[in-house]
Amino acid sequence: MDQDTLRSLLREAVQETVGEILQMLMELDRTAFLREHGGRKNGHYPRRLETAFGQVDLKIPRDREGRYYPAFLKPYARRMVDLGEVAVALYAAGLSQRKAAEVMSLLLGHRYSHETLSTLTDEVLEAAEAFRRRPLPEEMAFVYLDGLVLKVLREGEGVVRETVYVALGITSGGERRVLGFWLLPTENATAWEGVLRELWERGLRRVLLFITDALPGIEGAIQRVYPLAQWQQCVVHRVRSSLAQVRVRDRAWLAQDLKGIYGARSRVEALEALERFKEAWGARYPSLVAAWWENSGALLRFYDYPQVLWPYLRSTNLMERFIREVRRGTKVRDHKFPKEEAVYKLLYLESERQEGRWAERRLKGFAEVQEVLEGMLRERYAPRTQTLTHKS
C-alpha cells in the first residue's frame, strides 16, 4: 500500500474516533493517578481541543482534591496534539511496531525509536491482560454471553476465522460491565463452559440469569458451573430463525402470532398464546411449532423477573450493541488482525471506552426494582451458602 493511500485510509478511520480515544486515555490516566495518590472522582468539565484531525470536545476528569490534571493537556500545544495522533494511529494500525513506526512517520514527520514503540505496545498489552484477569464482583443479576467471528493471521496457517467470546454483566442497580473476552478457534458449549469456569475463578459466584442464543449444549454448560442460575434463550434469535423457515406469504401473520407469545402481559397469557399458535400453525409448520413448544421454558424465563426488565432480558440486544462497536474497529484493519494480541488490544480499548460511557448512565428501570433483584439473589443463594460447592 502506497503512502497516500495509507494516509487517506488512516485519516478517514480516525476522524470519528479521536475524541473517544483521548477521552479514554484521560479516564485511564485519572484512575491510575487516584490509585497512586488516593482521592475520589469528581465529575468532569468541558474543554475543546485542537488536533490534526480537527476540533474535539472533551470532558476533562476531575478529582475532589483538585490535584489531578491530564498530563497531555498541560500548556505544551505540540505535545498535546502528538499524543492524540499517536494514540489514535496506534489504535487504527493495530499497534504493531512496524505499522506504528510507519504511521507516526506519516503523521508526525519523524520516526520514534524501536524501544519507544516497544514500550507503548507492551503497556497496552499489559493493560489489556490486566483487564482480562481483573477480579470480578461476587454477584451479577444478569450475564449476557455471545461471540463474534474475526479473521486472524496465524503463522503457518494463513488467515483463519476464529471466535471472540464476550461476557457482559449487569448489576442489580443496572450498571454494565465487560466481564471478559477470549479468542478461541470455534464457538461451542465446551469452550463456553471453560469461559464460565474462569468467571467463577475470578470471583463471580452468584448470577440470576444468563442470556444467550440457542447454541446447542449451552444450558448444560451454564448449569454445571452455576447450578442455581437460570437460562434465557434469546427470543429475537428464535423469531428470526422461525421466520426464515416459513413461506413469504405466511411471515407477517406468523410474526404477529409469535409477538402474542413473547409480548404477553404474563406467563399465563404467553402460554395461552403459545397454545393458539400451535393450533394455528402446527399442521403447516410442525417442526417450527415444536421448537417453540419444547423450548418454551427457556424462551419465557424472563417472565420470572420484574416487568420493567423484560425488554432487556428476552434478547441479547445489549450485547449486540457492544459487538457492533467492536466491529467498527475491525473495519480499520480490513477485518483482519495480524496476530492474537491485536484482537485483545481492540477489545480492551473498546471495553474501556464503553465502560466509561456506561459509568455515567445506568440502565433505565433498574433503580425501581434494585431491591427486588437483590432480594432474589439472597433468596436463591443465601440458604445454600454453607452447602453449595462449585462443580469442578
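Residues numbered from 1 in each chain as written. Predicted model: local features only at pLDDT ≥ 70, side-chain atom pairs only at ≥ 80, totals over all residues. Heavy atoms only, no water.

### Considering the nonpolar core
The biggest cluster of nonpolar side chains holds 92 residues, and the ones touching the most others in it are Phe142, Tyr226, Phe277, Trp292, Leu313 and Leu373. In terms of residue count, the dominant contributor to this core is strand β3 (residues 139–154) (9 residues). With residues up to four places along the chain from it excluded, the contact list for phenylalanine 277 reads Leu254, Asp257, Leu258, Ile261, Gly282, Leu288, Val289 and Trp292. Membership of the second largest hydrophobic core comes to 6 residues, among which are Leu22, Met26, Leu58 and Ile60. (Core = buried A, V, L, I, M, F, W, Y, C linked by side-chain atoms within 4.5 Å. Buried < 20%, exposed > 50% of the residue type's maximum accessible area, 1.4 Å probe, protein only. Helix = DSSP H or I, 4+ residues; strand = E, 2+ residues; numbered from the N terminus. Contact = heavy atoms within 4.5 Å.)

### Comments concerning helix α8 (residues 235–243)
Within the span of α8, buried status applies to Val235, Arg238, Val239 and Ser242. Angular distribution of buried residues about the axis of α8 spans 100°; they occupy a single face of the element. Its buried side turned inward, α8 meets β7 (230–233), α9 (248–262), α11 (286–294) and α12 (296–299). (Arc of directions from axis to C-beta.)

### Notes on the pattern of salt bridges
As a working rule, side chains carrying opposite charge can pair if their charged atoms are close by. Considering all chains together, one arrives at 19 salt bridges under this definition. When the shortest N-O distance is used, the salt bridge between glutamate 138 and arginine 206 registers 3.2 Å. In this pair, glutamate 138 is assigned in the loop between α5 (114–133) and β3 and arginine 206 in strand β6 (residues 206–212), connecting sequence segments 68 residues apart. The class for arginine 206 is partly exposed, based on a relative accessible area of 23%. (Salt bridge = Lys/Arg side-chain N within 4 Å of Asp/Glu carboxyl O.)

Don't take any of this as a statement about function, it's just geometry.
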